[in-house]
Amino acid sequence: MPPSTAYSPSTLAIHADDHTNTLTDVAPAIHVSTTFRYPRTTSHLVPVPAHGAEEVDLSTPLVYARLANSNINRLETILAPLVFPGVGEEEIEQEGLANHVVSYSSGLSAFHAVLVNLVPRVVAIGEGYHGCHGVLGLHTKMSGLKTVSLFADDAAWDDVGLGKGDVVHIETPLNPTGEAFHIAAFAERAHKRGAYLTVDATFGPPGLQDPLALGADVVMHSGTKYIGGHSDLLCGILATRRGTRGREMARVLRLERLFLGSVMGNLEGWLGVRSLRTLELRVQRQSKSAEKLVAWLDGLLGTKDTDTSEEAEIVRKTVKKITHASLQAKDPTTASWLTKQMPNGYGPVFAISTHTPRQAKTLPEHLKLFHHATSLGGVESLIEWRRMSDSGVDERLLRVSVGVEDWEDLKKDLLRGLRAVVGLREEGKGMEGKEEGEEKELVHREIDVQTGGEGAKGVGGADGAV
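Each chain carries its own residue numbering, running from 1 in the direction its sequence is written. Note on the predicted model: pLDDT of at least 70 is required for a residue's local features to be given, and 80 or more for side-chain atom pairs to be given and counted; whole-chain, interface and lining totals, by contrast, use all residues. Hydrogen atoms and water are omitted, and side-chain values are computed over all heavy atoms in the structure.

### A few points about the overall build of the chain
Across its full length, the chain holds 16 helices and 14 strands. Residues counted as buried form 52% of the 466 residues belonging to the chain. Summed over its atoms, the accessible surface of the chain is roughly 21,600 Å², and 53% of this surface lies on carbon and sulfur atoms. Working definition: helices are DSSP H or I runs of at least four residues, strands are E runs of at least two. Numbering for both runs from the N terminus. Residue burial is assigned from relative accessible area. The probe radius is 1.4 Å, only protein chains are included, and a residue is buried under 20% of its type maximum, exposed over 50%, and partly exposed in between. Under the convention used here, a 1.4 Å probe and the Shrake-Rupley method define accessible areas, while residue burial counts only the protein chains that appear.

### Some words on the UniProt feature "modified residue: N6-(pyridoxal phosphate)lysine" (unreviewed entry) in the chain
UniProt positions are given in the numbering used here, feature names are shortened, and annotations may be inferred rather than shown by experiment. UniProt records the feature "modified residue: N6-(pyridoxal phosphate)lysine" (unreviewed entry) at Lys225, using the numbering of this structure. Within the secondary structure layout, lysine 225 lies in the loop between β6 (218-222) and β7 (236-240). Filtering out sequence-adjacent residues up to four positions away, lysine 225 remains in contact with Thr202, Ser375, Leu376, Gly377 and Val466. Between two residues, a contact is recorded if the distance between any of their heavy atoms is within 4.5 Å.

### Quick notes on the environment of valine 119
The topology assignment puts valine 119 in the loop between α4 (107-118) and β2 (122-125). Along the backbone, valine 119 and histidine 139 are 20 residues apart, and their C-alpha atoms lie at a distance of 9.2 Å.

### Brief notes about the sheet that holds strand β11 (residues 382-385)
The mixed open sheet is built from 5 strands, whose spatial order is β8-β9-β12-β11-β10. Only two strands of the sheet have a single partner each, and these edge strands are β8 (319-323) and β10 (371-372). For two strands to be treated as a pair, DSSP must find at least two bridges joining them. One ladder, built from 5 bridges, connects strand β9 (residues 349-354) with strand β12 (residues 397-401); its direction is antiparallel. Across the sheet, alanine 351 pairs through a bridge with arginine 399, a residue of β12.

### Considering the side chain of serine 381
Here serine 381 is to be found in the loop between β10 and β11. According to the relative accessible area criterion, serine 381 is buried, its value standing at 0%. As used in this structure description, the phrase polar contact means that two N or O atoms lie within 3.5 Å; if the pair is within protein, one of them must be able to donate a hydrogen and the other to accept it, and residues adjacent in sequence are counted only when both atoms belong to side chains. Here the side chain of serine 381 touches glycine 403 through a polar contact of 2.7 Å, landing on its backbone nitrogen. Of note is the side chain of serine 381, whose polar atom sits 2.7 Å from the side chain of glutamate 405. Sequence-distant contacts of serine 381, defined by excluding residues within four places in its chain, comprise Leu369, Phe370, His371, Ser401, Val402, Gly403, Glu405 and Leu410.

### So, the pairing of β12
Counting buried positions over the 5 residues of β12 gives 5, a clear majority of the element. Alternating positions in β12 separate into two faces, Leu397, Arg399 and Ser401 on one and Leu398 and Val400 on the other, with burial throughout. In terms of strand pairing, β11 meets β12 through 4 bridges, oriented antiparallel. Looking at the pairing, isoleucine 383 lines up with valine 400 of β12.

### Here's the deal with the environment of leucine 260
Structurally, leucine 260 is set in helix α8 (residues 244-260). If sequence neighbours within four positions are ignored, leucine 260 has contacts with His112, Ala113 and Val116.

### Topic: the nonpolar core
Residues belong to a common nonpolar core when they are buried Ala, Val, Leu, Ile, Met, Phe, Trp, Tyr or Cys residues joined through side-chain atoms within 4.5 Å. Core analysis: the biggest nonpolar cluster contains 61 residues, and Leu79, Leu162, Val168 and Leu197 have the highest contact counts within it. Here this core takes 7 residues from helix α2 (residues 70-83), the largest share from any one element. With near-sequence residues (within four places) excluded, leucine 197 lies in contact with Val168, Ile170, Ile183, Phe186, Ala187, Ala190, His191, Gly215, Ala216, Asp217 and Val218. Counting 31 residues, the second-largest nonpolar core is a separate cluster that includes Leu297, Val319, Val402 and Leu414.

### Digging into a nonpolar patch on the surface
On the surface, Ile30, Val32 and Leu267 cluster together into a nonpolar patch covering about 270 Å² of accessible area. Examined against the element boundaries, valine 32 turns out to sit in the loop between α1 (9-15) and α2. Overall, valine 32 belongs to the exposed group, its relative accessible area being 62%. Any residue with relative accessible area above 30% and no salt bridge may belong to a patch, with like charges joined within 9 Å and the nonpolar Val, Leu, Ile, Met, Phe, Trp and Tyr side chains within 5 Å. Here, a salt bridge means any Lys or Arg side-chain nitrogen found within 4 Å of an Asp or Glu carboxyl oxygen.

### Digging into unusual backbone geometry
With an omega dihedral of -10°, the bond running from threonine 172 to proline 173 counts as a cis peptide bond. Of the consecutive residues asparagine 175 and proline 176, the connecting peptide bond is found in the cis state with omega at 10°. For proline 176, the position within the fold is in the loop between β4 (167-171) and α7 (183-192). A positive phi angle, near 55°, is found at serine 231, a position not held by glycine. Structurally, the position occupied by serine 231 is in the loop between β6 and β7.

### A look at the pairing of strand β1 (residues 101-104)
On β1, burial covers both faces: Val101 and Ser103 on one face and Val102 and Tyr104 on the other are all buried. When β1 meets β7, the two strands line up antiparallel, connected through 4 bridges. Directly across from serine 103, in β7, lies its bridge partner isoleucine 237.

### Quick notes on the packing of aromatic side chains
One pair of aromatic rings is described through two measures. These are the centre distance and the angle between the planes. Stacked, tilted and edge-to-face are the three classes applied to pairs of Phe, Tyr and Trp rings, where Trp contributes its six-membered ring and a pair requires centres within 6.5 Å; stacked means planes under 30 degrees apart, edge-to-face means over 60, and tilted covers the rest. One pass over the full model with this rule turns up 2 aromatic pairs. Residues phenylalanine 151 and phenylalanine 181 carry aromatic rings whose centres are separated by 5.2 Å and whose planes lie at 50° to one another, so their mutual orientation is tilted. On the criterion of sequence distance, the pair formed by phenylalanine 151 in the loop between β3 (146-149) and α6 (154-160) and phenylalanine 181 in the loop between β4 and α7 is long-range, its members being 30 residues apart. The exposure class of phenylalanine 151 is partly exposed, given its relative accessible area of 49%. Geometrically, the ring pair formed by phenylalanine 151 and phenylalanine 186 is edge-to-face, given 6.1 Å between the ring centres and 75° between the ring planes. Residue phenylalanine 151 is found in the loop between β3 and α6, and its partner phenylalanine 186 is found in helix α7; the two are separated by 35 residues along the sequence.

### Structural notes on the sheet that holds β4
With mixed pairing, 7 strands are arranged side by side in an open sheet as β1-β7-β6-β5-β4-β2-β3. The sheet terminates laterally at β1 and β3, the two strands that pair on one side only. Recorded for the sheet is a direction-independent mean angle of 20° between the axes of neighbouring strands. As a rule, the C-alpha atoms of each element are fitted with a line to give its axis, helices using only the stretch in contact, and angles between N-to-C directions run from 0 to 180 degrees. This element, α2, spans β1 and β7 of the sheet and lies at about 130° to β1.

### Let's talk about helix α5 (residues 130-143)
Between the first and last C-alpha of α5 there are 20 Å, a value that for 14 residues agrees with the 20 Å anticipated at 1.5 Å per step. Residues His130, Gly131, Cys132, Val135, Leu136 and His139 constitute the buried set of α5. Count one or two residues on from α5 and you reach glycine 144, which has phi positive near 75°. Each residue after the first adds 1.5 Å to the expected span of a helix.

Laid out in structure tokens, this is it:
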């Protein structure tokens, strides 16, 4: 494909890797080898430098799959124009921006890698995904790393010593509520202190927001979610900003990945390539459907005096609050930055807070189109009573991940489920009336997982889910 700046990211998701095709297969082959033959000609043998590898990038000859392999090379190549939207193909090639995209075996291994790379003394972080706090706990154990609230004032940041080389880490939109934070504002605050801004953009994948253009130094994705998109692979992604500083950071990230050992597997890399082809189609549909469902629920919550329909009564008796970035955009002050930050949609995840814990726990069993499961970002809609996987969350919270189903069908399914649990609030049966053992059972209960008609028993509720 000749160089051009006219192609959109959706087109490049199909064609950015065309130059790597050496076979006639339309669908790329799955390369499963972990080791590769050296050249037969002695004069072509180039030994590794005495002090170790100097460069590992997409041009490195294939030697061993932990250094690089065909599948993840292709994945990173396709991701480049998606995480750097608006950058022409010539610039991507000239600047080697595909090398700025580094893949990992999971989102948490990517987060661990950036901390190993930057070695901060202090990290400012909000609530967000508890897994990242677990990784920070490991670094605290190893090196005495300190954390401070992302939303603390300058005096608190001063007290803990947040400064040059430290990290300000924001997750936007936020897990599990789907709320957004002002990337550019946090970039300015971090950079004034000489700190790095890292952005977990998992809930706002490529096509919905561009954190690097707003001042982020590093963008992180749990590629398990929307980049994978089919609930069948684990993946993490780091992308560094353009320029000398970002290029050097990415170079070191690739070298350090060798020793962290967190390279993606061959099959996962191939599955990621398959998924990127439809990323824009999936994410924008999911985001629009989520926005419609949020508007429907939130609209009924605000019509207490004007709407006495059965539908409105059902929603008001079960739903106490809805959180999503689209609702933040209703505020003119927030909208001034949020509409620029997320011009193509506000993300496919939102949260429902019910009136009682029992309503939240019970709702998933009455839904047909929403699977009760953790994780998110797949083509199927999921709902999770979040207390199943996060011990610190409010027991009335449900996280909703909208899939690609027709949104009207999802609406009917939610209404049917809410109708089934509407009486639980009226009965007044909440967590407060349970004995200690019964309350504990809500989190650590035995579940049956049906696979091929046979039950596989497991225990739900282990912290560390996604």
